[in-house]
Amino acid sequence: MKRVLSKISLISCMSFAHSVAADTKQLVDQYQLNLTKGVTDISAEVYDLHMLMFIICIVIGAGVFIAMFISIYFHRKSRGAKPASFHENVKVEIAWTVIPFLILIGMAYPAANLLYDMEDASQPDVTVLVTGSQWKWHYKYMDNDIEFFSKLATQPEQIQGKFDKGINYLLEVDRPLVIPTGKKVRFLITSDDVIHAWWVPDFAVKQDANPGFINDAWTKVDQPGIYRGQCAELCGKDHGFMPVVVIAKSPEDYAQWLEKEETLQRLAKQEEQRLLAMNMSMDESMALGEKVYNANCAACHMPNGEGLQGVFPALKGSQIALNDQPKHIDVLINGVSGTAMQAYAKQLSMSELAAVVTYERNAWGNNTGDLVQAKDINAALNGK
């Protein structure tokens, strides 16, 4: 009779555990506490594997606690139970070693297969070099003459609490990455400075961007759409302002976008060459330089050029801004290794670089009278 009651209790508890697991899955999905299921085949497989492991853990946990509570209830002292007197049981020890081993093997097999598929970035249709740079992403299409920076586009007034926050607060960029649907896209991921992590949950892609190393990942999106992510590695003071936005377009729309983007970048290079032969006046250079400085430099060096003591150096009255023009240009072009001073050679045009150097050497009372032109930046870039 006791054995019958034990079996009935065990069956009832297992049924209850299964019901709890189903209710838990519904609850975490409803309140977005679970993994993102994603839009790719790999992301769906990752989600299914996660749920399988989750349910296995629930069943094991429920089984252990049910067995423990049944043992406590039916073998308590008030029922006259007598404790067994033994020190070891070879059969039990073999069982609790072999059974967990088999469970782990059963869990490892599908996980290893999925991991292999996730790491197989061979034979891509499109390859994009993704470079983390404090605190923005640089994308370069390896098969096309296209590259650009993607920066946060959320209004500063929203961050400061002056405006209401939008639905995609801190997940908006000025230039999103564009990829084709139905094609295997390989991402080569690295960094210019510190460790970042390129993460798009809908793709099940989260890969570290390490300076001096190249990691890779891949995705294949079947449906057009906009997919958002973030830097997932604590990379500095603006870590929370480094979003990722990917637009998946149909192959036809993607081809049109490629053609348009290549044309625009070709025209921009032609315009840059034209500007090399021109000289800006001091007033023009100062006006452009102030605009570039406020957009790219003021966050660290402050709008008044006084910096933050002990953190970011002042430009007002500094030796580099007053005396050493070649070094001033070099720092702006190549950055300073091991510091938050990033390289702006790829981020700004030569005329913008010349203007901001001119501005920093003549603003806030520096008044050196130096007027740097685009041709001076071009000479520095070419080592002349």
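Above this note sits the structure.
This report concerns the structure included in the present document.

Rules and cut-offs
Residues take numbers from 1 onward in each chain, read along the sequence in its written order. Selection of residues for local features in this predicted model requires a pLDDT of at least 70, selection of side-chain atom pairs for listing and counting requires 80 or more, and totals for whole chains, interfaces and linings are taken over all residues. As a rule here, side-chain values cover all heavy atoms of the structure and leave hydrogens and water aside. By definition, two strands form a pair when at least two bridges between them are found by DSSP. To qualify as a helix, a DSSP run of H or I must reach at least 4 residues; to qualify as a strand, a run of E must reach at least 2; elements of each kind are numbered from the N terminus. Helix axes use the C-alpha atoms of the stretch in contact, all axes being lines fitted to C-alpha atoms, and the angles between their N-to-C directions lie in the range 0 to 180 degrees. As used in this record, nonpolar core signifies buried Ala, Val, Leu, Ile, Met, Phe, Trp, Tyr and Cys residues forming a set joined through side-chain atoms within 4.5 Å. Each residue gets one of three labels from its accessible area relative to the maximum for its type: buried under 20%, exposed over 50%, partly exposed in between, using a 1.4 Å probe on protein chains only. Reported orientations rely on four angle classes, namely roughly parallel under 35 degrees, roughly antiparallel over 145, roughly perpendicular from 65 to 115, and oblique for the rest. Should the near helix be turned anticlockwise from the far one by less than a right angle, the crossing is termed left-handed; should it be turned clockwise, right-handed. Contact between two residues is taken to exist if any of their heavy atoms lie within 4.5 Å; hydrogens are not considered. Asp, Glu, Lys and Arg are counted as charged, while Ala, Val, Leu, Ile, Met, Phe, Trp, Tyr, Cys and Pro are counted as nonpolar; the rest, among them Gly, fall into the polar class. Aromatic pairs are defined between Phe, Tyr and Trp rings, using the six-membered ring for Trp, whenever the two ring centres lie within 6.5 Å; interplanar angles under 30 degrees are classed as stacked, those over 60 as edge-to-face, and all others as tilted. Look at NZ for Lys and CZ for Arg. If either is within 6 Å of the ring centre and within 35 degrees of the ring normal, a charge sits over the ring.

## Comments concerning the sheet that holds strand 3 (residues 146-150)
In spatial order, the strands read 3-2-1-5-8; together these 5 strands make up an open sheet with mixed pairing. At either margin of the open sheet sits one strand with a lone partner, and together these are strand 3 and strand 8 (215-219). Here the average twist between neighbouring strands, direction ignored, is 20 degrees. Here 5 bridges tie strand 5 (residues 185-191) to strand 8, and the two strands are oriented antiparallel to one another. From the neighbouring strand, Val185 faces strand 8, where its bridge partner is Thr219.

## A word on the nonpolar core
Ranked by internal contacts, the top residues of the largest apolar core, which has 32 residues, are Val128, Trp137, Tyr139, Tyr141, Leu177 and Trp198. In this structure, Tyr293, Ala298, Tyr344 and Ile377 belong to the second largest nonpolar core, which totals 23 residues.

## Quick look at the packing of helix 2 (residues 41-74) against helix 3 (residues 90-119)
Two numbers describe how helix 2 lies on helix 3: the axes approach to 11 Å, and their chain directions differ by 165 degrees. In terms of their interaxial angle, helix 2 and helix 3 are classed as roughly antiparallel. Along this stretch, helix 2 crosses helix 3, giving a crossing that reads as left-handed. Along the contact surface, helix 2 presents Ile42, Glu45, Val46, Leu49, Met53, Ile56 and Ile60, while helix 3 presents Ile103, Met107, Pro110, Ala111, Leu114, Asp117 and Met118. Of the residues belonging to the contact of helix 2 with helix 3, the class tally is 12 nonpolar, no polar and 2 charged.

## What about the packing of aromatic side chains?
Applying the stated criterion to the full structure yields 11 aromatic pairs. Where Tyr293 meets Tyr359, the ring centres are 5.6 Å apart and the plane angle is 50 degrees; that geometry is what we call tilted. Residue Tyr293 is found in helix 6 (residues 282-296), and its partner Tyr359 is found in helix 10 (residues 350-362); the two are separated by 66 residues along the sequence. With respect to class, Tyr293 is no different from Tyr359; both count as buried. Feature note: the residues Tyr139, Tyr141, Phe148, Tyr254 and Trp257 constitute an aromatic cluster, connected by ring pairs. We note Lys165 situated over the ring of Tyr169; from NZ or CZ to the ring centre the distance is 5.0 Å. Cation over ring: Lys184 sits above Trp218, and NZ or CZ is 4.7 Å from the ring centre.

## Things to note about unusual backbone geometry
Cis peptide bonds are those with omega within 30 degrees of zero, and the linkage from Gln134 to Trp135 qualifies with -5 degrees. Locating Trp135 in the fold gives a position in the loop between strand 1 (126-133) and strand 2 (136-141). Located in the positive-phi region is Ala204, a residue other than glycine, with phi close to 55 degrees. Residue position: Ala204 is located in the loop between strand 6 (196-200) and strand 7 (205-209). Since its relative accessible area comes to 25%, Ala204 is described here as partly exposed. Phi angles above zero are rare outside glycine, and Trp364 is one such case at about 60 degrees. Secondary-structure assignment places Trp364 in the loop between helix 10 and helix 11 (374-381).

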